[in-house]
Amino acid sequence: VGMRYGKSSGTVAAENYETEASARFQPRSWVSPFFDAKATRDLIKNIDLRVAASAGAELNLFPASSQRVSLGVAVLQDYERRILPVGSTDPRTVSRTRFNLRLVATPSIRQGVALDHKTQFQPVADNLGDYLFSSETALRVLLTGGLALQTSFVYNYDSTPAPGVTSRADRALTTGLIVEL
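Small disclaimer: the values here were computed from a predicted structure and weren't measured.

Caption draft 1: Representation of the pattern of salt bridges. Considering all chains together, one arrives at 16 salt bridges under this definition. Across the pair K45 and D170 runs a salt bridge, and its minimum N-O distance is 3.7 Å. Linking K45 in the loop between β3 (31–42) and β4 (47–60) with D170 in strand β11 (residues 169–179), this pair joins segments that are 125 residues apart in sequence. Classification of D170 as buried rests on a relative accessible area of 16%. D78 is the partner of R98 in a salt bridge, and the nearest nitrogen-oxygen pair spans 2.8 Å. With a gap of 20 residues between them, R98 in strand β6 (residues 93–106) and D78 in strand β5 (residues 68–82) connect regions that are remote in the sequence. One salt-bridge network, in which partners are shared between bridges, spans R24, D36, E58, R68 and R102.

Given below as structure tokens:
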């Protein structure tokens, strides 16, 4: 579960809500099937609701190691309900089948320091020029037994944003405390 909200010069510049669930089967095997589901609401990008579910498999390049580097491929179905500008003739709801190509890496740095990276490329199955691209990298440093400091950089790109949205790219740099239970 995540939320991002921010203002710049008194104007709301970010308002995003997100929840995600995933299941991995045989995560230490060479091939690991997975299922992911994600729901998003982003008022700046005119997305009232976006729900996406994918199923696929990852190839683990170091299956018996504490390090994780995997390449994955999946089929993703998404549903998007958009906030349309006044007078728009575009459809309010859109449903697409996408491919989901991903790279996940969690290299071992040292005890108490973790790096997590995930890159995804999601082209629409019948129009490869219409795609979503995302990359997220996080560095987490354990401060005490259950408290960590994390800095993350997220980059998102939508080649075909919702009507009324002028920017295709979105970036965020965040720092915060994580309580691990």
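Caption draft 2: Spatial organisation of the pairing of β4. Pairing geometry for β3 and β4, over 11 bridges, is antiparallel. Within β4, the residue paired with S32 across the bridge is E58. Bridge count between β4 and β5: 13 bridges; the pairing is antiparallel. Residue pairing across strands places S54 opposite L76, the latter belonging to β5.

Caption draft 3: Highlighting empty space enclosed by the protein. The full count for this structure, using the stated rule, is one cavity of 30 Å³ or more. Considered as a void within the structure, the largest cavity measures approximately 30 Å³ in volume. Among the elements of the structure, β5 and β6 are those that each provide at least two residues to the lining of the largest cavity. Residues belonging to the lining of the largest cavity are distributed by class as follows: two nonpolar, one polar and six charged.

Caption draft 4: Broad picture of a nonpolar patch on the surface. There is a patch of nonpolar side chains on the surface, built from W30, V31, L59, L61, F62, L71 and L103 and spanning about 650 Å² of accessible area. Structurally, F62 can be placed in the loop between β4 and β5.

Caption draft 5: Representation of the pairing of strand β9 (residues 127–142) in the model. Relative to β9, strand β8 (residues 113–124) runs antiparallel, the two sharing 12 bridges. Note on β9: the bridge partner recorded for V113 is V141. Where β8 hands over to β9, the hairpin turn is made up of two residues, counted between the paired strands. Alignment of β9 against strand β10 (residues 147–158), held across 11 bridges, turns out to be antiparallel. Bridge pairing links S135 to Y155 in β10. Here β9 hands over to β10 after four residues, the two strands then running antiparallel side by side.

Calculation rules
Residues numbered from 1 in each chain as written. Predicted model: local features only at pLDDT ≥ 70, side-chain atom pairs only at ≥ 80, totals over all residues. Heavy atoms only, no water. Salt bridge = Lys/Arg side-chain N within 4 Å of Asp/Glu carboxyl O. Helix = DSSP H or I, 4+ residues; strand = E, 2+ residues; numbered from the N terminus. Buried < 20%, exposed > 50% of the residue type's maximum accessible area, 1.4 Å probe, protein only. Pairing = 2+ DSSP bridges. 1 Å grid on protein atoms, 1.4 Å probe; cavity = no way out; pocket = protein on both sides within 12 Å on 5 of 7 lines; lining within 4 Å. Points joined across faces, edges and corners; volume = space filled by probe spheres on them. Nonpolar A, V, L, I, M, F, W, Y, C, P; charged D, E, K, R; others polar. Patch = residues over 30% accessible without salt bridge, like charges linked within 9 Å, V, L, I, M, F, W, Y side chains within 5 Å. Areas by Shrake-Rupley, 256 points an atom, 1.4 Å probe, with all protein chains shown as cover.

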